[in-house]
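# Residue-level structural notes
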Amino acid sequence: MAGAKDRLTIRVYADFNKTVQNDDLSHLWTYLVFSTGLHGGFKDLRMSVPMPLSLSWLWLQREGAVGRHYNHIEVADATDVVWEGRVADIGLRINRSFVGIDITGFGYYSSLRDRYYDPDDAGNTNWKIGGPHNTGKIIREMITSVATAINGTVDIELSPEDVVGIDLTDRSYPMDIIVDKLAPLAGTGTAVYYFSVYGTRKPVWTARTVSNVDWQVRLEDMSDLSLVQQGMHLRNYVMPVVGTAEGATAINTASTALYPRREILLKLQTGVPTTAANNARDAMLQERKDPRQNQSFTVKGHIYSTKAGNLPQGTGSALEEKPKWWVRAGDVIRIQDLVPDSAATGTLDNLRTFYILETQYNAGQDTLLVQPDQPASRLGDILARLGTLEKQR
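Now for a look at the structure at hand.

A count of helical and extended segments in the protein gives seven helices and 23 strands. Counting the 393 residues in the protein, one finds 50% classified as buried. In the protein, of all internal contacts separated by at least 6 residues, the share reaching a separation of at least 24 is 69%. On the protein, roughly 18100 Å² of surface is accessible, and the fraction owed to carbon and sulfur atoms is 50%.

Structure representation (structure tokens):
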């Protein structure tokens, strides 16, 4: 299978309409890493490109020239987009072994921090009255109103909960509203919703699903596998707090029969209706009641697409090897030979089948870093949160 240097094209355009191409960096890079994540979709891209000073200066803002900041940058495999976003940081680097530029780009999810949103602004909706309202409806309005770099709203699911009464009048970035205020409320029962922006800048707001296994990998194709089930994550008693008002608690008795009672407050926005608050409480309880696997792992060898998904063990002829850059956050991956054979129905078992929260592909090394659906407990993060160790997402 041809490698990234041979297959991937990297082109830079004046804007996302792609009417003016400013650069073609295909095959020129010496370092290329890009990532996906949830929330987010396409996250960051970092690359180094050797080029003479006469061309490097075209990338930098200077008197009489705008440079390449906020140009559209696109990584493609043939005609299919692998990663796209906007150029954010540009560095000129000159030393004995390198003359050229270092580029950092961010996916269009980052445009949700370009402009503020406030429902009190002209043309926007007062979510505290009327209704029924839902999180998808709010996200659609924010994108249409202030996040116009994102392409349409048709894939923003109008989730089933009613959040009429929610107070969003503190002027905020749409990204912060989605992650901190809307994501905990979306859906009913124990549904978990994520927001992403992938190819052609299309946004998606939908519930996590694990009915199909999208990718299979074997132990021989991985390196330094260490799966840690995190007990500090466990919370089996949840109290929703709407503004300052404490709501009805929920406890998972199966969990408290096995582990200590561990409590957590779920802080929600003022005005959230009781039903939506209780749904958010139940979803958190489902997510937190057991120790969860939280360690990333690296794929260095082969990875296989299941095509239709749910392929049983032993049907290797139906699997298709794919380049690692196609694995994205939101997919489901299984370490096929970690434990003895079992039914192939997709399930999050905290051991070998994972909903992918983040990926990072290193094109120079052809390696894929996979972060399962529980954030890693890095030492720096823990030290920074002493006293507030729990971090809701």
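The complete set of buried residues in helix H4 (residues 174-182) reads Pro174, Met175, Ile177, Ile178, Lys181 and Leu182. The secondary structure elements touched by the buried residues of H4 are helix H3 (135-146), strand S8 (193-197) and strand S9 (203-207).

Applying the stated criterion across every chain yields a total of 10 aromatic pairs. Here Phe42 and Tyr198 contribute two aromatic rings whose centre-to-centre distance is 4.9 Å and whose plane-to-plane angle is 85 degrees, an arrangement assigned as edge-to-face. With Phe42 in strand S4 (residues 40-50) and Tyr198 in the loop between S8 and S9, this pair connects stretches of sequence that are 156 residues apart. Like Phe42, the residue Tyr198 is buried in the burial classification. Consider the rings of Tyr194 and Tyr355, whose centres lie 5.8 Å apart with planes at 15 degrees: the pair is stacked. One end of the pair, Tyr194, is in strand S8; the other, Tyr355, is in strand S22 (residues 353-362), with 161 residues separating them in the sequence. Neither residue differs from the other here; Tyr194 and Tyr355 are each classed as buried. Cluster of aromatic residues (ring-pair linked, three or more members): Phe34, Trp325 and Tyr361.

For the structure on display, the rule yields 18 salt bridges. A salt bridge links Arg281 to Asp282, with the nearest nitrogen and oxygen atoms 2.9 Å apart.

What counts and what doesn't
- Residues numbered from 1 in each chain as written.
- Predicted model: local features only at pLDDT ≥ 70, side-chain atom pairs only at ≥ 80, totals over all residues.
- Heavy atoms only, no water.
- Helix = DSSP H or I, 4+ residues; strand = E, 2+ residues; numbered from the N terminus.
- Buried < 20%, exposed > 50% of the residue type's maximum accessible area, 1.4 Å probe, protein only.
- Contact = heavy atoms within 4.5 Å.
- Areas by Shrake-Rupley, 256 points an atom, 1.4 Å probe, with all protein chains shown as cover.
- Phe/Tyr/Trp six-rings, centres within 6.5 Å; stacked < 30°, edge-to-face > 60°.
- Salt bridge = Lys/Arg side-chain N within 4 Å of Asp/Glu carboxyl O.

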